[in-house]
Amino acid sequence: MASDSAGRVTIADIAREAGVSLPTVSRVLNGRSDVAAATRRRIEDLLAEHGYRRRASGAANRANLIDLVFNDLDSPWAVEILRGVEKVAHAAGVGAVVSAVHHQAASAQQWLVGVRSRNSDGAILVTSEPAPQLNAELRRLGMPLVVIDPAGVPTFDIPTIGATNWAGGRSAVLHLLGLGHRRIGMIAGPPELLCSRARLDGYRSALESAGVEVDDGLVRVGDFSHESGFALGSALLAGPRPPTAVFASSDQMALGVYEAARQAGLRVPDDLSVVGFDDLPQARWSPPPLTTVRQPLAEMGAAAADMLLQLVQGQTPDVLRVELSTSLVVRDSSAAPPQSSAAGAR
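Model, not experiment: these values are computed from the prediction.

**Student:** What is the right way to look at the overall build of the protein in this model?
**Tutor:** Looking only at helices and strands, one finds 12 helices and 12 strands in the protein. Put simply, the protein has 346 residues, and 52% of those count as buried. Taking as baseline every contact in the protein between residues at least 6 positions apart, the subset at least 24 positions apart corresponds to 71%. Only carbon and sulfur atoms are counted for the fraction: they give 52% of the accessible area of the protein, which is about 15800 Å².

**Student:** Even after reading the chapter, I still don't get the sheet that holds strand β5 (residues 160-163), so can you show me in this structure?
**Tutor:** Within a beta sheet, neighbouring strands are joined by backbone hydrogen bonds and run either parallel or antiparallel to one another. Read from one edge of the open sheet, 6 strands run β2-β1-β3-β4-β5-β11, paired in parallel fashion. For this open sheet the edge positions go to β2 (95-100) and β11 (321-324), each flanked by a neighbour on one side alone. With direction set aside, neighbouring strand axes in the sheet form an average angle of 20 degrees. Across 4 bridges, strand β1 (residues 65-70) lies against strand β3 (residues 122-126) in parallel orientation. Its bridge partner being in β3, D67 is matched across the sheet by A123. The strands touched by helix α11 (residues 297-312) are β1, β3, β4 (145-148), β5 and β11; relative to β4, the strand with the most contacts, the crossing angle is about 165 degrees.

**Student:** Is there a simple way to think about the nonpolar core in this case?
**Tutor:** Generally speaking, nonpolar side chains in soluble globular proteins are found buried as a group. If you look at the biggest cluster of nonpolar residues, it comprises 42 residues, and the most contacted ones within it are V173, I184, Y203, L207, F247 and V274. At the level of secondary structure, the elements contributing two or more residues to this core comprise α7 (165-178), β6 (184-188), α8 (194-209), α9 (226-237), β8 (245-248), α10 (251-263) and β9 (273-278). Considering every element that reaches this core, the biggest residue donor is α10, with 7 residues. Sequence-distant contacts of I184, defined by excluding residues within four places in its chain, comprise V173, L176, L177, Y203, L207, L218, P243 and A245. Formed by 28 residues, the second largest nonpolar core is a distinct cluster that contains V88, L280, L297 and A304.

**Student:** What exactly am I supposed to notice about the layout of surface pockets here?
**Tutor:** Once rolled over the atoms, a probe with the size of a water molecule shows which space is left empty. Of the pockets and cavities examined, the second largest pocket occupies roughly 520 Å³. Along the walls of the second largest pocket sit 25 residues, with D72, S75, W77, D223 and F224 positioned nearest its centre. At the level of secondary structure, the elements contributing two or more residues to the lining of the second largest pocket comprise α4 (76-91), α8 and α9.

**Student:** Help me understand the confidence of the model for the protein in this model?
**Tutor:** Averaged over every residue, the pLDDT of the protein is 87; the share at 70 or more is 89%. For the stretch residues 1-7, pLDDT sits under 50, and the model shows 14 contacts to residues farther than four places along the chain or on other chains.

**Student:** It is not clear to me how the pattern of salt bridges should be interpreted in this structure. Could you clarify?
**Tutor:** Once the charged atoms of two side chains with opposite charge are near each other, the side chains can pair. On inspection of all chains with the given rule, the structure shows 10 salt bridges. In this structure, the salt-bridge partner of R183 is D215, at a minimum N-O distance of 3.6 Å. In this pair, R183 is assigned in the loop between α7 and β6 and D215 in the loop between α8 and β7 (219-221), connecting sequence segments 32 residues apart. The class of D215 is partly exposed, set by a relative accessible area of 33%. Its salt-bridge partner being R267, residue D271 comes within 3.4 Å of it at the nearest N-O pair. Given the relative accessible area of 24%, D271 is considered partly exposed. Here the residues in one salt-bridge network are R267, D270 and D271, joined through shared partners.

**Student:** Just to check I follow, could you spell out the side chain of D279 for this structure?
**Tutor:** If you trace the backbone, D279 turns up in the loop between β9 and β10 (291-294). Among the residues examined, D279 registers a relative accessible area of 13% and is labelled buried. Those residues within four positions of D279 in sequence are excluded, and the remaining contacts are D251, R284, T292, V293, R294, V329 and R331.

**Student:** Can you help me understand the sheet that holds β6 in this one?
**Tutor:** With mixed pairing, 6 strands are arranged side by side in an open sheet as β7-β6-β8-β9-β10-β12. Strands with a single pairing partner mark the edges of an open sheet, and in this sheet they are β7 and β12 (327-329). On average, each strand axis in the sheet is tilted by 20 degrees relative to the strand beside it, whichever way the strands run. With 4 bridges connecting them, β6 and β8 associate as parallel partners. Across the sheet, the residue bridging to G185 is V246, located in β8. In this fold α8 packs onto β6, β7, β8 and β9, with an angle of close to 165 degrees to the strand it touches most, β6.

**Student:** I would appreciate a short explanation of the environment of P190 in the present structure.
**Tutor:** With respect to the helices and strands, P190 occurs in the loop between β6 and α8. Sequence spacing of P190 and F224 is 34 residues, and the spatial spacing of their C-alpha atoms is 7.6 Å. For P190, the residues in contact, after removing those within four places along its chain, are S196, G222, D223 and F224.

**Student:** Help me out: how do you make sense of the packing of aromatic side chains in this one?
**Tutor:** When we look at a pair of aromatic rings, we describe it by the centre distance and by the angle of the planes. In this structure the tally under the stated criterion is 0 aromatic pairs. Geometry around F277 places R199 over its ring, the cationic atom sitting 3.9 Å from the centre.

Criteria and cut-off values
Residues numbered from 1 in each chain as written. Predicted model: local features only at pLDDT ≥ 70, side-chain atom pairs only at ≥ 80, totals over all residues. Heavy atoms only, no water. Helix = DSSP H or I, 4+ residues; strand = E, 2+ residues; numbered from the N terminus. Buried < 20%, exposed > 50% of the residue type's maximum accessible area, 1.4 Å probe, protein only. Contact = heavy atoms within 4.5 Å. Areas by Shrake-Rupley, 256 points an atom, 1.4 Å probe, with all protein chains shown as cover. Pairing = 2+ DSSP bridges. Axes fitted to C-alpha atoms, helices over the stretch in contact; angles between N-to-C directions. Core = buried A, V, L, I, M, F, W, Y, C linked by side-chain atoms within 4.5 Å. 1 Å grid on protein atoms, 1.4 Å probe; cavity = no way out; pocket = protein on both sides within 12 Å on 5 of 7 lines; lining within 4 Å. Points joined across faces, edges and corners; volume = space filled by probe spheres on them. pLDDT = per-residue confidence, 0-100. Salt bridge = Lys/Arg side-chain N within 4 Å of Asp/Glu carboxyl O. Phe/Tyr/Trp six-rings, centres within 6.5 Å; stacked < 30°, edge-to-face > 60°. Lys NZ or Arg CZ within 6 Å of the ring centre and 35° of its normal.

As structure tokens, this is what we get:
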């Protein structure tokens, strides 16, 4: 059996040998009654056999510290997630350490070194897909993990928090179709992210349900930033048959489209309708206020922190995959297409 760097057996080792989950071992250690008698005996026998040292109580065994890990921290989107996590952590008397790994393996390893040194109770990863080595190391440390907006299809045993991205993308495009638009551009997010693919699928589904052919020439792929929204919006508007509306997969890209329209001599929404995704605070203050799909970012952070604290306390969440609802927020950036464009589309 493997052990930690000090030669001690971890609860991850016990769980693996007993063929049970980490929370099950934690429940036995915390004296919980909701474990089958035979399973409890098997775990107790292994704890005794390997000389696992229990601490005085579950609370004494904790550092009251969790880690929140982003790929990048240069977005208001990250601030909203952090706000939700911090609210729950603060109420529970738990501190939060915030890190950015910048998509780099070396940064992830550096983060792991810090986790070991501060003995964090658990971790929340944002828009990530835990590498097998990282996941294995966290398990070895007996450290619970929750992922917000997983990059890929979630594995069955890692709790995740997300939003109804497909439904949100579909509602944005149905709104534009209802206004009379037929040439609707789409600036999608990075294709390696599950949320990006879901929003793009929602866009396609809405068009198909309205009998509008999907024109791949109107689809561009960005990176959620203002800069990509501006560059790709400019490219769409410079085409021979530009769209009368653009759905951007983030508010930041939508605001980049605003600038592309301004530089092209177009007015939003008179000449071009724009819809975003996220409902960041700046969306309501942009000129004009942005129609967008509200993604409950702070609530997602709070839900992830709640779930993580349950795991830290040895509890098993009722569900391992939570999707919070998105909703369309209609403001002033969307309107019927110009008459000449509407007539030409019929």
